[in-house]
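Notes for the structure review
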Amino acid sequence: MGKESQHLFIDFEFTMPEQKGRPKGFFPEIIEVGIVVARNYKVIDTFSSYVRPQHFPTLTNRCKTFLSIEQQSVDSGITLQELADLFKNHCKNYETTVVTWGNMDMKVLRQNCQKARIPFTFKGEQVDLSMEYKKFFGDRNQTGLWKAVEAYGKKGTGTHHRALDDAMTTYNIFKLVEKDKSYLSSPAKTTIGDRIDLSKVLNKFA
C-alpha cells in the first residue's frame, strides 16, 4: 500500500543586502519560514518560525524595513539544521508535493543547506504555482502572489511578506486554480434541452 499524499505550501523570507544588486560573496539566507500542511485539500497543520542566518547574521536596514523583521526576532529563531529536520519529518511518512509561489524558495533552501553542509534529501514533486497560474491564464508575465489572489476577487491572508500568511495565501490560490481546472476537465453534461429547441417541438404539436 502506497503512502498517503499531502501538499506542503511553503514560503520563506530571506536576508537582503543594503543596496539592490548582489554584493560580492552575498547570498540570501532564510530568516522566516511558514508551512501549511494540507491533505485532501484541507489544512491539517501549520508552522511558523524565524530562522537564524549563519553567514550574514546581522540584518541590513533595508531587510528590516522591507520585511518588518527585528534583529532580535531572528536571533531567537530556529537554526537551519532544525528547519531541515522539520522539513524532513513533515515529508517522511507521506508522498509530498511542495507548492511555492515562484522558484526561489526551494532554490534558496537547497543553497543554504549546501553552504552549511546539511544534506538536502527531499525527493518529492515541486510545483511553482506562479508558473502554473501564468500558463493557466495565459499571462505573459509572472504575477505577484497578492495580485493573483486579488484577480480572483479575494484578499491575501494576513500581512504580505509574512511567511505563514503568504504560505496560506498560496494554499488559497492553489484551491481556486484547481477548482477552475476541474471545471475545464469536466464540462457539464449536455441535456436534451440543450441539443433540441424544445419550443419549436412543442409548437408543432400545439
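Residues numbered from 1 in each chain as written. Predicted model: local features only at pLDDT ≥ 70, side-chain atom pairs only at ≥ 80, totals over all residues. Heavy atoms only, no water.

1. Here we look at the environment of Tyr133
With respect to the helices, strands and loops of the structure, Tyr133 is situated in helix α5 (residues 129-137). For the pair Tyr133 and Trp101, spaced 32 residues apart in sequence, the C-alpha separation works out to 9.5 Å. (Helix = DSSP H or I, 4+ residues; strand = E, 2+ residues; numbered from the N terminus.)

2. Concerning unusual backbone geometry
Within the chain, Tyr41 stands out as a residue other than glycine whose phi angle is a positive 70 degrees. Relative to the elements of secondary structure, Tyr41 occurs in the loop between β2 (30-39) and β3 (42-50). Overall, the relative accessible area of 44% leaves Tyr41 in the partly exposed class. Look at His161: it is not a glycine, yet its phi comes out positive at around 70 degrees. Among the structural elements, His161 can be located in the loop between α6 (145-151) and α7 (163-185). A residue is classified by how much of its surface remains accessible, and His161, at 24% relative accessible area, is partly exposed. (Buried < 20%, exposed > 50% of the residue type's maximum accessible area, 1.4 Å probe, protein only.)

3. Describing the pairing of strand β4 (residues 94-100)
Taken across its 7 residues, β4 has 5 buried, putting it largely inside the fold. Of the pairings in the sheet, the one linking strand β1 (residues 4-14) to β4 comprises 6 bridges and is parallel in character. Residue pairing in the sheet places His7 in a bridge with Thr97 of β4. Where β4 lies against strand β5 (residues 125-128), 4 bridges are found, and the strand directions are parallel. Its bridge partner being in β5, Thr97 is matched across the sheet by Glu125. (Pairing = 2+ DSSP bridges.)

4. Regarding the nonpolar core
Counting 22 residues, the largest nonpolar core has Leu8, Phe12, Ile30, Leu83, Phe87 and Leu109 as the members making the most contacts within it. For this core, the secondary-structure elements that each account for two or more residues are β1, β2, α3 (80-91) and α4 (104-116). Per element, the largest residue contribution to this core is 5 residues, and it comes from α3. Look past the residues within four positions of Leu8 in its chain and what remains in contact with it is Ile35, Val36, Val37, Phe87, His90, Cys91, Thr96, Thr97, Val98 and Val99. The next biggest cluster of nonpolar side chains, apart from the first, holds 18 residues, and it includes Ala38, Leu145, Tyr171 and Val177. (Core = buried A, V, L, I, M, F, W, Y, C linked by side-chain atoms within 4.5 Å. Contact = heavy atoms within 4.5 Å.)

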